Amino acid sequence: MGTENSNRQNYPLRPATIPFSTPQSSTPFLSSGPVIGSQASAFRPVPPASSQFPTPPLSAGPLAGSEAPGFRPPSSVRSNELVGQPPLTQSPYGPPTTGLQRFPTSPLASTDHLQHPQASVSGLPVAPPPTRPQGGSVPSQASFFPQPQPPSISMRSPSQNIKTGQFNTNIPPSTDQPFSPSRQHVQPFPPPMGPSQATARGTFQPAFPGYSSAQPYSSAQVPLVRSAPFPSQPGGYAPPLPPAPFPGQPRGYMPGPPVTTSSVPYSRDQVQLQGTAQPIASRGLVEDFNSLSLGSVPGSLDTRLDVKALPRPLDGDVEPKSLAEMYPLNCGPRVLRLTTGGIPNSQSLASRWHLGLGAVVCPLAESPIGDEVPIVNFGTTGIIRCRRCRTYVNPYVTFTDHGRKWRCNICSLLNDVPGDYFAHVDANGRRVDLDQRPELTKGSVEFIAPAEYMVRPPMPPLYFFLIDVSISAVQSGMLEVMAQTIKSCLDNLPGSPRTQIGFLTYDSTIHFYNMKSSLVQPQMMVVSDLDDIFIPLPEDLLVNLSESRIVVEAFLESLPSMFQENMNVESAFGPALKAAFMVMSQLGGKLLIFQNTLPSLGVGRLRLRGDDIRVYGTDKEHTLRTPEDPFYKQMAADFTKYQIAVNVYAFSGKYTDIASLGTLAKYTGGQVYYYPSFLSVVHKDKLRHELTRDLTRETAWESVMRIRCGKGVRFTSFHGNFMLRSTDLLALPAVDCDKAYAAQLSLEETLLTTQTVYFQVALLYTSSSGERRIRVHTAAAPVVADLGEMYRLADTGAIVSLLSRLAIEKTLSNKLEDARNFVQLKIVKAFREYRNLYAVQHRLVGRMIYPETLKFLPLYGLALSKSTPLRGGYSDAQLDERCEAGYTMMALPVKKLLKLLYPTLLRIDDCLVNSSVEADDFDVSKRLPLTSESLDTRSLYIFDDGFRLVIWFGISASPDIARGLLGEDFGADFSKISLPRRDNEMSRKLTKIFQKCRESDPSYYQLCHLVRQGEQPREGYFLLSNLVEDQAGGASGYADWFMQLHRQVQQNA
């Protein structure tokens, strides 16, 4: 989140070939998802009738084996080929981690234990048990981290009696996996695969884009058996059943004759495998393979697993509609999203929901045009509230006694209707003036608060700038860009003519500025005593912008030149922070900090830490991600008490201790912006855009927020950037539309007796215009008695948002590995609970099933584990970068967070080259899977995660495209050039595409980075490490991760 320094890591080149590829699916992936295991029959058991809602839909995941968990006897087969033990490698991420490692799996099962295909529910997508590629080869995920490769071994054509492989018992069992079975696993290891064997398997994949693959033994390819066409079934796809002895089964097929391979390597265009191909034409061997569990060799992916059929959120975040359809008067999902729309009716049922029962709230979310939040002024009547629970009147209250009383929907108390608010009701209990009362028809409304809601007069919008003017700030150009941006925003600061402004600069001393309106030029006063800070001229350091506009502009114009010759490298940040607090404490406001160096003088000075790699993996690791000095947390508490919000802008490429500085933003409702190694020629547009938005977006000042809910439930914990003033009152000195907060819900009573639970979010704040207002959002959710209904009404976006905050908080007290295991365990427990609901009655033994509403959860869980705050170890992210990402993700709304976890990948060369396609017609929603197989070496792609735009130039792309976009610099080092606007149609199209990407979410500015294929470490840092579906270092790829989840779900299922 910020602008990264791509030169800090050295990603080696990717391997020359992709050692594994997946076959094309015979039918597109449908909503129900692929089901795992053996064949389905037409039998459909009757679903249970205990639920008040329709039966939750079943989705099934990719094939994960046909055996039930438990003991699997080792196979007695042997191979005529010698089996080499693959070399053991250590993750390049430093100390070994186990959170994302593959789990040991059961040995091969022999044909003696082959079972007849199990029956399943008709209409559910099914898949047969997986097979391993013949010859025992071990495919691995595409990765740009090199793995040691043994000498290539030629592969002969298989004979009729070839076996699956020979056991190698020299590999000790894994003991560091959190979910490993207690018994020892003996795993077969086939011969290590060299480049010459990359295409000698059931599917043929072109080499990694742009990298040629050596084929010295291309004539010794494995014969291919192409399966006959088979009918698909509703809701999924039907891979082939085993051949004889079941030729007459429904949905069965007879295998076609073998297809002879040529000596020329196949390309993706030459061979398209429909469904799954039988790799060997021997019936006995086919039966052996059909009895194997998927991925029985660590690192392998089976040719029967169609990775392309795995669910992916290529449409982005889709807000759930089921709850809105049930309760149309609810506030919009952009404001409030529950992790599940079904509230459990008992504590025992709630204990079986493992994904967090809670909500994500964005109280000031921007409203669509035409659907603005209505403003209601009750005038002398006063705001209508319940006299017991203080709930605000809302669409779910009911009127009785001919309209003279109203019943609170939260606590059920009958309240009197004030005379000025009285209206008659019709036979249905509806007020006759309902159309004129938006508070009774809208889920979101804003009340004008009377004087009793004020403890002091409404504060004016106040902006105070605390600026580092040491040598690094001057030389990087930060000082000049910041001053120009502030000056350009003066006309658009909210609250004019009440807005107040002030400045303070510091290096080894502290500089105050008198900007009294009677002056022509500001007066600078220097305080050098850092141990005894005092405020000179306290009345003239904060001035009204309208009155002192000339002085303020003069200061901003002279600021860069004022310190142009400054050679001071020190930073008295702590004393300057105390001085800023003393200036602002009378009014409150927003403090914007511009920090370039590590604080080195006075109180709050910090030291270099995080360089000791031995700390990682120990119990002391988390201390690097927490504030070193309690001074900063205490200052944050003082700022919050006096209604001061802090935003931190950090610019240094060296260690700045964001863990400590970010505490100021965390507890004051602010946020952290990070620009490592800032250079004005590169980063000025990003800083200018984000600072402008920070200064000009509508802000709620001196705010507090509370969430009320119905009897029997309450919110017990809150997660985000705020200070908790009491058990349920959040203190928020400043709130805006880019901030969201998560909360966890618990049941206070053993059993809920109501049919509906109501929630009401109330934000009391001061607007920039000086009005005290209350933004109120109300929503209802049903109480359910069935766990299946909770899954049916689940919201993946809210779940991921809550899980991400919990996992990031866990990194502050535990190892990174523990946080990743936490995410994995939550998903496993949830899918295991769902499996226990339906697996037995539907006979889905050995298959991966999951609810339709959570089909993207495994991929988001993998992406979260690979995100900057959680991924890898010491060498995977700089400490400041990791901490900044954690602070940022804690405050992101749902849509923004999901885009960061699973970014957009778009192909753009067709639009640029084709003159008949206009840039306005380019569809930015046509996203591609985040895997290296999506990259064509002849094309151009845009990678957009909401914080940066990366343009990837394929190595075989037309030089005319690069020349049209970059001019004569098209062959230069991309790290030293930027993308200029050129006077040609291609450049204009690309500029419009960028504009569409940035307009979709203006909260951050996506700085553009150019990447050429094969140019390391730049390509690895900006793109390859962010292709979350690929295996990278010690982290699993998507298919491997899915298999890990499946194996763990099956344990004790």
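Since we're looking at a predicted model, the values are computed, not measured. (Residues numbered from 1 in each chain as written. Predicted model: local features only at pLDDT ≥ 70, side-chain atom pairs only at ≥ 80, totals over all residues. Heavy atoms only, no water.)

A. Examining the overall build of the chain more closely. A count of helices and strands for the chain gives 21 helices and 31 strands. A burial count over the chain gives 62% of its 1053 residues as buried. Contacts spanning at least 24 positions in sequence make up 80% of the contacts within the chain whose residues lie at least 6 apart. With the model as given, the accessible surface of the chain reaches about 39700 Å², and the carbon-plus-sulfur share is 52%. (Helix = DSSP H or I, 4+ residues; strand = E, 2+ residues; numbered from the N terminus. Buried < 20%, exposed > 50% of the residue type's maximum accessible area, 1.4 Å probe, protein only. Contact = heavy atoms within 4.5 Å. Areas by Shrake-Rupley, 256 points an atom, 1.4 Å probe, with all protein chains shown as cover.)

B. Broad picture of the sheet that holds strand β9 (residues 405-407). Pairing in this open sheet of three strands is antiparallel, and the strands run β8-β9-β10 from one edge to the other. Only two strands of the sheet have a single neighbouring strand rather than two, namely β8 (398-400) and β10 (414-416). Going across the sheet, the axis of each strand differs from the next one's by a mean of 35 degrees, ignoring polarity. For β8 and β9, the ladder comprises three bridges, and the chain directions are antiparallel. Bridge pairing in β9 links Phe 399 to Trp 406. (Pairing = 2+ DSSP bridges. Axes fitted to C-alpha atoms, helices over the stretch in contact; angles between N-to-C directions.)

C. Fine view of the packing of helix α18 (residues 959-966) against helix α19 (residues 985-999). Viewed as axis vectors pointing N to C, α18 and α19 meet at an angle of 75 degrees, and their least axial separation amounts to 8 Å. When the axes of α18 and α19 are compared, the pair comes out roughly perpendicular. For the pair formed by α18 and α19, the contact residues are Asp 960, Ile 961, Gly 964 and Leu 965 on the first element and Met 986, Ser 987 and Leu 990 on the second. Here the contact of α18 with α19 is composed, by residue class, of four nonpolar, two polar and one charged. (Parallel < 35°, antiparallel > 145°, perpendicular 65-115°, else oblique. Nonpolar A, V, L, I, M, F, W, Y, C, P; charged D, E, K, R; others polar.)

D. How the structure looks around the sheet that holds strand β6 (residues 358-361). Read across the sheet, four strands follow the order β4-β6-β24-β21 without closing on themselves; strand pairing throughout is antiparallel. A single partner strand is all that each edge strand has here, and the edge strands are β4 (336-338) and β21 (713-719). Across the sheet, the mean angle separating the axes of adjacent strands is 25 degrees when strand polarity is ignored. As paired elements, β4 and β6 share three bridges and run antiparallel to each other. Considered in β6, the bridge of Arg 337 is made with Val 360.

E. View of the pairing of strand β11 (residues 444-448). Burial analysis of β11 places five of its five residues in the buried class, the great majority of the element. Where strand β7 (residues 375-376) meets β11, two bridges bridge the pair, whose relative direction is parallel. Bridging from a neighbouring strand, Val 376 pairs with Phe 447 of β11.

F. Quick look at helix α8 (residues 630-641). Over its twelve residues, α8 extends 17 Å from the first C-alpha to the last, a length consistent with the 16 Å expected when each residue adds 1.5 Å. Among all positions in α8, only Phe 631, Tyr 632, Met 635, Ala 636, Phe 639 and Thr 640 are buried. On the buried face of α8, the contacting elements are α7 (573-584), β17 (589-595), β18 (644-650), α9 (658-666), β22 (723-724) and β23 (729-735). Between the side-chain oxygen of the N-cap and the backbone nitrogen of Phe 631 there are 2.9 Å, and the N-cap of α8 in question is Asp 629. (Expected span 1.5 Å × (residues − 1). Polar contact = N/O pair within 3.5 Å; in protein donor to acceptor, adjacent residues only side chain to side chain.)

G. The arrangement of the packing of aromatic side chains in detail. The full count for this structure, using the stated rule, is 36 aromatic pairs. A centroid spacing of 5.0 Å and a plane angle of 70 degrees characterise the contact between Tyr 791 and Tyr 834, whose relative ring orientation is edge-to-face. Of this pair, Tyr 791 sits in helix α11 (residues 787-792) while Tyr 834 sits in helix α13 (residues 816-838), and the two are 43 residues apart along the sequence. On the basis of relative accessible area, Tyr 791 is assigned to the buried category, the value being 0%. A residue is classified by how much of its surface remains accessible, and Tyr 834, at 0% relative accessible area, is buried. (Phe/Tyr/Trp six-rings, centres within 6.5 Å; stacked < 30°, edge-to-face > 60°.)

H. Expanded view of α9. Of all nine residues in α9, nine are buried; the element is thus mostly enclosed. Of all the positions in α9, only Ile 658, Ala 659, Ser 660, Leu 661, Gly 662, Thr 663, Leu 664, Ala 665 and Lys 666 are classed as buried.

I. Geometry of the side chain of Asn 409. Inspection of the secondary structure assignment puts Asn 409 in the loop between β9 and β10. For Asn 409, the side chain forms a polar contact with the side chain of Asn 394, separated by 3.0 Å. The residues touching Asn 409, leaving out its near neighbours within four places in the chain, are Thr 391, Asn 394, Tyr 396, Val 397 and Tyr 758.

J. A nonpolar patch on the surface, seen in detail. Where nonpolar side chains cluster on the molecular surface, the patch consists of Met 524, Val 526 and Met 562 and spans about 250 Å² of accessible area. Mapped onto the fold, Met 524 is located in strand β15 (residues 523-527). (Patch = residues over 30% accessible without salt bridge, like charges linked within 9 Å, V, L, I, M, F, W, Y side chains within 5 Å. Salt bridge = Lys/Arg side-chain N within 4 Å of Asp/Glu carboxyl O.)

K. Here's a closer look at unusual backbone geometry. Cis rather than trans, the peptide bond between Ser 496 and Pro 497 has omega equal to 10 degrees. Positionally, Pro 497 belongs in the loop between α5 (478-489) and β13 (500-506). Look at the link from Gln 1016 to Pro 1017: it is a cis peptide, with omega at 0 degrees. Turning to its location among the elements, Pro 1017 is positioned in the loop between β31 (1007-1012) and α20 (1018-1022). For Ser 412, which is not a glycine, the phi torsion comes out positive at approximately 70 degrees. Considering the arrangement of structural elements, one finds Ser 412 in the loop between β9 and β10. At Glu 702, a position not held by glycine, the phi torsion is positive, near 35 degrees. The topology assignment puts Glu 702 in strand β20 (residues 700-709).

L. View of the pattern of salt bridges. All told, the structure shown has 44 salt bridges when counted by the stated rule. In this structure, Glu 771 engages Arg 773 in a salt bridge whose closest nitrogen and oxygen atoms are separated by 2.6 Å. Glu 771 gets classed as partly exposed once you look at its relative accessible area, which sits at 30%. Arg 1012 is paired through a salt bridge with Glu 1015; the nearest N and O atoms lie 2.9 Å apart. Note on Glu 1015: relative accessible area 16%, which makes it buried. Here the salt bridges do not stand alone but share partners, grouping Glu 366, Lys 590, Arg 693, Asp 694, Arg 697, Asp 736, Asp 738 and Lys 739 into one network.

M. Structural context of the nonpolar core. Residues Phe 447, Phe 465, Met 482, Phe 503, Phe 594, Phe 759 and Ile 774 are the most contacted members of the largest nonpolar core, which totals 180 residues. Per-element accounting of this core gives the leading share, nine residues, to α13. Setting aside chain neighbours within four positions, we find Phe 465 in contact with Ile 486, Ile 501, Gly 502, Phe 503, Leu 504, Leu 592, Phe 594 and Leu 695. Core analysis: the next-biggest nonpolar cluster, separate from the first, contains 51 residues, Tyr 506, Phe 573, Val 583 and Leu 591 among them. (Core = buried A, V, L, I, M, F, W, Y, C linked by side-chain atoms within 4.5 Å.)

N. Focus on the packing of α8 against α9. Between α8 and α9, the least distance of the axes is 8 Å, while the angle of their chain directions is 15 degrees. By the criterion of interaxial angle, the relationship of α8 to α9 is roughly parallel. Taken as a pair, α8 and α9 cross one another with a handedness that is right-handed. Residues Tyr 632, Lys 633, Met 635, Ala 636 and Phe 639 of α8 lie in contact with α9, whose contacting residues are Ser 660, Leu 661, Thr 663 and Leu 664. (Left-handed = near helix turned anticlockwise from the far one by under 90°.)

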